[in-house]
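What the coordinates show
Below, each chain spelled out in residue letters.
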Amino acid sequence: ILNVEQSPQSLHVQEGDSTNFTCSFPSSNFYALHWYRWETAKSPEALFVMTLNGDEKKKGRISATLNTKEGYSYLYIKGSQPEDSATYLCAFGAAGNKLTFGGGTRVLVKP
Amino acid sequence: NAGVTQTPKFQVLKTGQSMTLQCAQDMNHNSMYWYRQDPGMGLRLIYYSASEGTTDKGEVPNGYNVSRLNKREFSLRLESAAPSQTSVYFCASGVSSGSGTDTQYFGPGTRLTVL
């Protein structure tokens, strides 16, 4: 069983503040690192797929970086807004086209 | 375009009862997946199907069976439900992201309670 860890499990952010959180994963047999956004009462939705060491992806105020050599990815939210409140999942992709999901970081943005 | 649909949305079973969770996708995706999501834990893969006619076990397959009926449909069966199978079940379909892994699209989930 692959170990994919996300920290912190939850965080509260004041509206307008920036924040970031971590996903750590095995540094061997790496194919891709996926990030998903999961709003309450909805289904997870894909944010990014990252494959190369040093990759950076950006979507609006959300961005992510990837370090495959040390096995971690950061997701950043700049100038958090209440609509950014969600659980953010990372998923490690290895051979066999299966994803192993982390436990998620639950973000609550307070107005 | 409905995406990924799941039925039922909610279900309560008694221990020992059987049931089938249905999943269908209209995006012409080859791969489909079944996950369970429990409090404090991430999504755990039960079974997946890389293409029509193939299925394979995931991380937590015990107590479940699957059928890839055709390209659109992938069902999950509980033959003899146990309280430990109380969970929220998500179906997903996948399309290549060019990375050797698929970007997955999730259904709305089925909340199952086994008494």
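Residues numbered from 1 in each chain as written. Chains lettered and ligands numbered in written order. Predicted model: local features only at pLDDT ≥ 70, side-chain atom pairs only at ≥ 80, totals over all residues. Heavy atoms only, no water.

1. A word on the overall build of chain A
- Each helix and strand in chain A was counted, giving 0 helices and 11 strands.
- When the helices and strands of chain A are read in sequence order from the N terminus, they spell out β-β-β-β-β-β-β-β-β-β-β.
- Taken over the C-alpha trace, chain A has a radius of gyration of 13 Å; the compact-globule value for 111 residues is 13 Å, and the two agree within 12%.
- Taking the principal axes of the C-alpha coordinates as reference, chain A spans close to 40 × 30 × 20 Å.
- Looking at chain A as a whole, 49% of its 111 residues are labelled buried.
- Put simply, of all contacts in chain A between residues at least 6 apart along the chain, 53% involve residues at least 24 apart. (Helix = DSSP H or I, 4+ residues; strand = E, 2+ residues; numbered from the N terminus. Rg over C-alpha atoms; globule rule 2.2 N^0.38 Å. Buried < 20%, exposed > 50% of the residue type's maximum accessible area, 1.4 Å probe, protein only. Contact = heavy atoms within 4.5 Å.)

2. Digging into the pairing of strand E6 (residues 56–59) of chain A
Residues and elements named next belong to chain A.
- As paired strands, E6 and strand E7 (residues 62–67) are joined by 4 bridges and run antiparallel to one another. Bridged to glutamate 56 within E7 is threonine 65.
- Here E6 hands over to E7 after 2 residues, with glycine 60 in that stretch at a positive phi of 65 degrees. (Pairing = 2+ DSSP bridges.)

3. Concerning the pattern of salt bridges
- Tallied over the full model, the rule gives 6 salt bridges over all chains.
- Here aspartate 38 of chain B makes a salt bridge to arginine 44 of chain B, at a shortest N to O gap of 2.8 Å.
- Using a relative accessible area of 8% as the deciding quantity, one classes aspartate 38 of chain B as buried.
- Each of Arg37, Glu39 and Lys42 of chain A takes part in a single network of salt bridges with overlapping partners. (Salt bridge = Lys/Arg side-chain N within 4 Å of Asp/Glu carboxyl O.)

4. Let's talk about the side chain of serine 93 of chain B
All names here are of chain B.
- Mapped onto the elements of the fold, serine 93 is located in strand E9 (residues 87–96).
- Side chain to side chain, serine 93 and histidine 29 meet in a polar contact 2.7 Å long.
- If near-sequence neighbours (up to four positions away) are discounted, serine 93 is found in contact with Val4, Gln25, Met27, His29, Ser31, Met32, Tyr33, Thr103, Gln104 and Tyr105. (Polar contact = N/O pair within 3.5 Å; in protein donor to acceptor, adjacent residues only side chain to side chain.)

5. Observations concerning the pairing of strand E8 (residues 72–77) of chain A
All names here are of chain A.
- Side chains Ser73, Leu75 and Ile77 of E8 all project onto a buried face; the interleaved residues Tyr72, Tyr74 and Tyr76 project onto a face where none is buried.
- Bridge analysis of strand E3 (residues 19–24) against E8 gives 6 bridges, and the strand direction is antiparallel. Across the sheet, the residue bridging to cysteine 23 is serine 73, located in E8.
- Alignment of E7 against E8, held across 6 bridges, turns out to be antiparallel.

6. A few points about the sheet that holds strand E3 (residues 19–25) of chain B
All names here are of chain B.
- A sheet is described by the order of its strands in space; here 4 strands give the open sequence E1-E3-E8-E7, paired in antiparallel fashion. Looking along the sheet, the strands with just one partner apiece sit at the ends: strand E1 (4–7) and strand E7 (64–68). Taking the axes of each pair of neighbouring strands and ignoring which way they run, one obtains an average angle of 20 degrees across the sheet. (Axes fitted to C-alpha atoms, helices over the stretch in contact; angles between N-to-C directions.)

7. Overview of the side chain of threonine 68 of chain A
Residues and elements named next belong to chain A.
- By the secondary structure assignment, threonine 68 is in the loop between E7 and E8.
- Threonine 68 sits in the buried class, given a relative accessible area of 14%.
- Not counting the four nearest positions on each side in its chain, threonine 68 is found in contact with Phe25, Ser27, Phe30, Thr51, Leu52 and Asn53.

8. As for unusual backbone geometry
- With an omega of -5 degrees, the peptide bond between serine 7 of chain A and proline 8 of chain A qualifies as cis.
- Tracing the backbone through its elements, the reader meets proline 8 of chain A in the loop between strand E1 (5–7) and strand E2 (10–14).
- Cis geometry is adopted by the peptide bond preceding proline 8 of chain B, which originates at threonine 7 of chain B and carries an omega value of -5 degrees.
- Looking at the element boundaries, proline 8 of chain B is found in the loop between E1 and strand E2 (10–13).
- Of note, the phi angle at alanine 41 of chain A is positive, near 70 degrees, even though the residue is not glycine.

9. Some points on the interface of chain B and chain A
- Taken together, the 22 residues of chain B in the interface contact 21 residues of chain A.
- Each partner contributes to the roughly 1,700 Å² buried at the junction of chain B and chain A, and carbon and sulfur atoms together form 61% of this total.
- Per-residue buried area on chain B facing chain A is highest for Leu43, Thr101 and Phe106 of chain B; these three make up 28% of the total on that side.
- Where chain B meets chain A, there are 3 residue pairs in polar contact (both at pLDDT 80 or more).
- Among the elements of the structure, strand E4 (31–37), strand E5 (43–49) and strand E10 (102–106) of chain B are those that each provide at least two residues to the side of chain B that touches chain A.
- Of the residues that constitute the side of chain B that touches chain A, the class distribution is 9 nonpolar, 10 polar and 3 charged. (Buried area = accessible area lost by both parts, 1.4 Å probe. Nonpolar A, V, L, I, M, F, W, Y, C, P; charged D, E, K, R; others polar.)

Bear in mind that shape data such as this cannot, by itself, settle questions of function.
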